[in-house]
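One-letter residues, chain by chain:
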Amino acid sequence: MPDFITNGVIQLNQQWQLTTTASGAIESPQALSTVQYWIPAVVPGTVAQAMTNAGTWNIETPTPLHDADHWYRTTFVGDGKFLLRFNGLATLAEVWLNGQTILRSTNMFVAHKVNVELKGENELVICFRALTALLKQPTKRARWRPAMIVPNTLRSVRITLLGNMPGWCPEVHAVGPWRSIDLIPASEVTLTDIDVRSHLDEVDRGLLHVSLKARNINTPLALECAGQSIQMRCEGDAWSGTLELNNVKAWWPHTHGESPLYDVSVVINDNKISLGKTGFRRIEVDRGTDGKSYAVKVNGVRIFCRGACWTNADIVSLSGSRETYASWLKLMREANMNMLRVGGTMLYESNAFYELCDELGIMVWQDFMFANFDYPVADENFAGSIREEVTQFLRRTQLSPSITMLCGGSEVSQQAAMLGFPADAWTGPLFDSLLPDTCNAIRPDVPFVKNSPFGGELPFIANHGVTHYYGVGAYMRPLEDVRRTEVKFASECLAFSNVPESITLNHSLPVPAVHHPLWKQRLPRDMNASWDFEDVREFYLQYLFKVDPMMLRRTDPGRYLELSRAVTGEVMEQVFAEWRRKRSTCAGGLVWTYQDLMPGAGWGVVDSECEPKAAWYSLRRAFRPLQVAMTDEGVNGIAIHVINDTPKQRDVVVSFACMRETNVLMNSERALTLSPHSAEELSANELLGRFFDVNYSYRFGPPAHDVNIAVLKDAVNGDVLATAYHFPQGHESRTTDVALEVSVVAEGAEWLLNIKPSRLAMFVHVNDEHYRAEDNWFHLAANEERCVRLIPRSNENHKPDGEVKAINSAAAVRYRS
């Protein structure tokens, strides 16, 4: 936890200036009088942000920022004793107050507090020294050198790897006061060394323990939460208290229940100081009877964790504001994602990020910021800095119920193993003791895993522990590989070059798609690989749609983009249908990645403009808490999977139909009562009651039908809860005479789009400059009418004006309000 005070924080966020000088050219602020060129700077913020605002730097053609020294300065008024708090300086920083050195920092992730005495007008100067000079100095030789991060000497510097991974993200170096700088009067009431533990015991009773130290206080303290309070015990300046709360509701991920939060406060003389909000839950890991499984249990219930790996909301500014995060995280919840992973190649997000995840019911798998390197933890100074970094992060997020998993880092064990090192090199003191011991001391309520991936005879084996599954994806395995490999928990998976919608390409990447060099430059790839992730996408384009991607992009780029948008989402939807079925070995999958860092066909299922891609809509359907899905079981026919993740019993009706063009050849339905947090598997053969070659396995003559459709309805009101489609003849890439009836109507303040096809319409998608469809890239059976809500992209009062198309229809249909 950070220090908490009563109304006394002054943010030093005004009148900052920035200048850049040659590395080592100026030693101290006294020599800055010769510098004439200064630009305004935002604090908290970065050098890249200030230069972008001044028009001297561009993310499209980024120039390195680690080669020079960058100086920030401001003046402010103050008298007396204060505490200066620097919440994040990236990375080699020297700080002067009124010409005197008060701080040196070498860790971007560590906050610093300095006691100072002010007199009248004060000058604060910060120099961020050139990192390149340090990285060129000789260091102890590492046992291995990862290919994806440059240079290798970054292993000894505590800085985000964002901007240092060619092929992964733009070269935007993190430099500057990226978190706030605060000034706190020494006379203010200050609570320090705050330790808060919230827990839900096995009888659903909330337990809250708080200990702290208090300065400038001479009256009793009370601890208050959920309408209950107790007097805290005092020993010197140390206070502590424990509340037993029988009236709290459990915190759940939003797919499985509600996510209530309760304010935790300390009361001093009727003055209530909020420490923040917390939720009460119980987290466990189920390793199965053989010790190979890896399933998260929340409040005793096994959760299928689904979501994506977070990158960053703004790689230029590294903003940590609630406003910056809100649209991204709300879109994540809308997609029925219940977990995100902050990977070790990223950075620790601000408190606002975790507070929003708490509120939205999104679980957080949190890596510590270690990835791929052989870290020099034998260096006592380096190890001490890491310990402080980890301790500070755990303290400031200690109230957060959304933090569900703590992980040592990303692909360190995998890197060592893949380079041929023996098992004793796959881990070490950092992951065996320093990190787990610190986590257990501060967040014993959160399970710890040494690394991602980890488990099995090799740390990346899919059928043991945590894996990064790219069998379907980078390794271009057939879809059957998903079941064959018996994945237990995929903390990364399904990386594709996902094509953005045309609105983003038109606005933010207005170059000829596919063929322009800038298009290829923006494609993600592993450095030194002879292929990129567009090649991966094209493999599945040919695999599913039976087209030649090379010829298609040459002869019809528009059609190529249309099929490319459809295919990655279709693959993801089929994979998660496998993983969520009742008999699956898998307990979670997190797609790589959630959002792009700049416009282009990146890994993100949401583009850099916060616009969902086609894959996002597929995942939204695949992740529904109330779900129906189908899997092809070969000569055993079709399995229909019905899932109820919600905390309530649901009476439902499952229907199954086989259709050819506009005709229903076979159909049947069954009423079911689904228990809370349950799944069922039905056989299409049993449901129909007689033989019909539902998946065209027996091939007695030509195919009899085009599509199988499973529908899940509410048994009480008949509302459609979920629909699934299976194509026994594969995915049709040819266009036909599908006629779409389209109309747009107003309903109160909302606009609704009605769509009805004359025959099976595949991957129906809506394009509208001012609205996005609530659902998109979906299938519709012949004569089935679908009503889709249109969500405005801005507060401007535009009327709907767009088009609807299916990938098997010859032309789009225009609509206007």
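For the structure, see preceding data.
Residues numbered from 1 in each chain as written. Predicted model: local features only at pLDDT ≥ 70, side-chain atom pairs only at ≥ 80, totals over all residues. Heavy atoms only, no water.

A. Fine view of the overall build of the chain. Secondary structure assignment for the chain yields 15 helices and 45 strands. Whereas a compact globule of 817 residues would reach a radius of gyration of roughly 28 Å, the chain reaches 28 Å, a difference of no more than 12%. Projected onto its principal axes, the C-alpha coordinates of the chain cover approximately 90 × 65 × 60 Å. Split into buried and exposed, the 817 residues of the chain put 60% on the buried side. Summarising the internal contacts of the chain: among those between residues at least 6 apart in sequence, 69% fall at separations of at least 24. In the chain, the 78 positive side-chain charges and the 94 negative ones have mean positions that sit 2 Å from each other. (Helix = DSSP H or I, 4+ residues; strand = E, 2+ residues; numbered from the N terminus. Rg over C-alpha atoms; globule rule 2.2 N^0.38 Å. Buried < 20%, exposed > 50% of the residue type's maximum accessible area, 1.4 Å probe, protein only. Contact = heavy atoms within 4.5 Å. Lys, Arg positive; Asp, Glu negative; His and termini not counted. Charge placed at Lys NZ, Arg CZ, Asp CG, Glu CD.)

B. Summary view of the side chain of S491. Mapping S491 onto the fold places it in strand β29 (residues 489-493). Look at S491 and you get buried, because its relative accessible area is 0%. In this view, S491 contacts C309, R341, W365, S452, V466, T467, H468 and L590; residues no more than four positions away in its chain are not counted.

C. Region of the structure containing the packing of aromatic side chains. Inspection of the entire model under this criterion finds 37 aromatic pairs. On the basis of an interplanar angle of 90 degrees and a centroid distance of 4.8 Å, the ring pair of F576 and F623 is categorised as edge-to-face. In this pair, F576 is assigned in helix α13 (residues 557-580) and F623 in the loop between α14 (614-622) and β31 (626-632), connecting sequence segments 47 residues apart. In this structure, F576 and F623 share a single accessibility class: buried. Ring-pair connections join several aromatic residues into one group, and the members of that group are F109, W310, Y325, W328, Y348, F353, Y354, F368, F393 and Y594. Over the ring of W38 we find R73, and its NZ or CZ is 3.7 Å from the ring centre. (Phe/Tyr/Trp six-rings, centres within 6.5 Å; stacked < 30°, edge-to-face > 60°. Lys NZ or Arg CZ within 6 Å of the ring centre and 35° of its normal.)

D. Quick look at the sheet that holds strand β10 (residues 121-128). The strand order across the open sheet formed by six strands is β4-β3-β5-β10-β7-β8, and the pairing between neighbours is antiparallel. Taken across any chain shown, the strands that pair with only one partner, and hence form the sheet edges, are β4 (39-41) and β8 (100-105). Between one strand axis and the next, the sheet turns by 30 degrees as a mean value, whatever way the strands run. Examined bridge by bridge, strand β7 (residues 93-97) and β10 share five bridges and lie antiparallel to one another. Counted as the bridge partner of V95 is I126 from β10. (Pairing = 2+ DSSP bridges. Axes fitted to C-alpha atoms, helices over the stretch in contact; angles between N-to-C directions.)

E. Fine view of a nonpolar patch on the surface. Taken together, V635, F691, Y698 and F700 make up a surface patch of nonpolar side chains, about 480 Å² in accessible area. Position of F691 among the secondary structure elements: in the loop between α15 (684-688) and β36 (707-714). (Patch = residues over 30% accessible without salt bridge, like charges linked within 9 Å, V, L, I, M, F, W, Y side chains within 5 Å. Areas by Shrake-Rupley, 256 points an atom, 1.4 Å probe, with all protein chains shown as cover. Salt bridge = Lys/Arg side-chain N within 4 Å of Asp/Glu carboxyl O.)

F. Structural view of the state of the cysteines. Following the criterion strictly, the structure yields zero disulfides and no others. Free of any disulfide, C407 has its nearest cysteine sulfur in C439, 9.8 Å distant. Residue C407 is classed as buried on the basis of its relative accessible area, which comes to 0%. (Disulfide = S-S within 2.5 Å.)

G. Fine view of the pattern of salt bridges. Counted by the stated rule, this structure contains 50 salt bridges. Between D714 and R650 there is a salt bridge, and its shortest N-O distance comes to 3.0 Å. A residue pair is termed long-range when its members are at least 10 positions apart, and D714 in strand β36 and R650 in strand β33 (residues 650-660) qualify at 64 residues. Overall, the relative accessible area of 11% leaves D714 in the buried class. Among the ionic contacts, a cluster of salt bridges with common partners joins D69, E94, R104 and R129.

H. Looking closely at the packing of helix α3 (residues 322-334) against helix α4 (residues 351-360). At a minimum axis distance of 10 Å, the contact between α3 and α4 shows a crossing angle of 35 degrees. Two packed elements cross with a definite hand, and for α3 against α4 that hand is right-handed. Listed contacts from α4 to R322, Y325, A326, L329, K330 and R333 of α3 are A352, F353, L356, C357, E359 and L360. Residues that form the contact of α3 with α4 fall into these classes: eight nonpolar, no polar and four charged. (Left-handed = near helix turned anticlockwise from the far one by under 90°. Nonpolar A, V, L, I, M, F, W, Y, C, P; charged D, E, K, R; others polar.)

I. Highlighting the sheet that holds strand β41 (residues 771-773). Judged by pairing direction, the sheet is antiparallel, and its four strands sit side by side in the order β38-β39-β43-β41 without closing on themselves. On the outer flanks of this sheet lie β38 (740-747) and β41, each paired with one strand and no other. Between one strand axis and the next, the sheet turns by 30 degrees as a mean value, whatever way the strands run. Pairing of β41 with strand β43 (residues 786-792) involves three bridges; the strand directions are antiparallel. In the sheet register, A773 faces β43, and the bridge partner there is L790.

J. Representation of helix α7 (residues 429-442) in the model. If you check α7, its first and last C-alpha atoms are 19 Å apart, about what 14 residues at 1.5 Å a residue would give, namely 20 Å. Bending of α7 peaks at approximately 30 degrees at the position of P436. Among the residues of α7, those classed as buried are L430, F431, L434, L435, P436, T438, C439 and I442. If you follow the buried residues of α7, they end up packed against β12 (190-200), α5 (380-396), β26 (403-407), α6 (412-418) and β27 (448-449). (Expected span 1.5 Å × (residues − 1). Bend = angle between axes of the 7 residues up to and from the residue.)

K. Focus on the environment of C127. Tracing the backbone through its elements, the reader meets C127 in strand β10. We classify C127 as buried; its relative accessible area is 0%. Between the alpha carbons of C127 and L92 there is a distance of 8.1 Å; along the sequence they are 35 residues apart.

L. Representation of the pairing of β26. Counting buried positions along β26 yields five of five residues, so the element is predominantly enclosed. In this sheet, β26 lies alongside strand β25 (residues 363-367) in parallel orientation, the contact comprising four bridges. Its bridge partner lying in β26, V364 is registered against I403. The β-α-β motif built from β25, the intervening α5 and the parallel element β26 has right-handed crossover chirality. Direction of pairing for β26 relative to β27: parallel, over a ladder of two bridges. (Right-handed = clockwise from strand over helix to strand, strands pointing away.)

M. The environment of L89, seen in detail. Considering the arrangement of structural elements, one finds L89 in the loop between β6 (80-86) and β7. When the C-alpha atoms of L89 and D607 are compared, they prove to be 29 Å apart, with 518 residues separating the residues in sequence. If we skip the residues at most four places from it in the chain, L89 touches V95, L103, S105, N107, M108, I126, F128, G176, P177 and W178.

N. Up close: α3. For α3, which comprises 13 residues, the first-to-last C-alpha distance of 18 Å matches the rise-based estimate of 18 Å (1.5 Å per residue) to within 8%. What α3 keeps buried is the set Y325, A326, W328, L329, L331 and M332. Positive phi appears at N336, one or two residues downstream of α3, with a value of about 65 degrees.

O. Region of interest: unusual backbone geometry. In the segment running from V43 into P44, the intervening peptide bond is cis, with an omega of 5 degrees. Note on placement: P44 falls in the loop between β4 and α1 (47-54). Residue T593 is bonded to the preceding W592 through a cis peptide linkage, with omega at 5 degrees. Inspection of the secondary structure puts T593 in the loop between β30 (588-591) and α14. Of note, the phi angle at N528 is positive, near 75 degrees, even though the residue is not glycine. Even without being a glycine, H677 presents a positive backbone phi close to 55 degrees. Within the secondary structure layout, H677 lies in the loop between β34 (663-674) and β35 (678-683).

P. Spotlight on the environment of W579. Its place among the elements puts W579 in helix α13. Separated by 93 residues in the primary sequence, W579 and E486 have C-alpha atoms spaced 9.2 Å apart. Discounting chain neighbours no more than four positions away, the residues touching W579 are F304, Y469, V482, V487, A490, C493, S584, C586 and G589.

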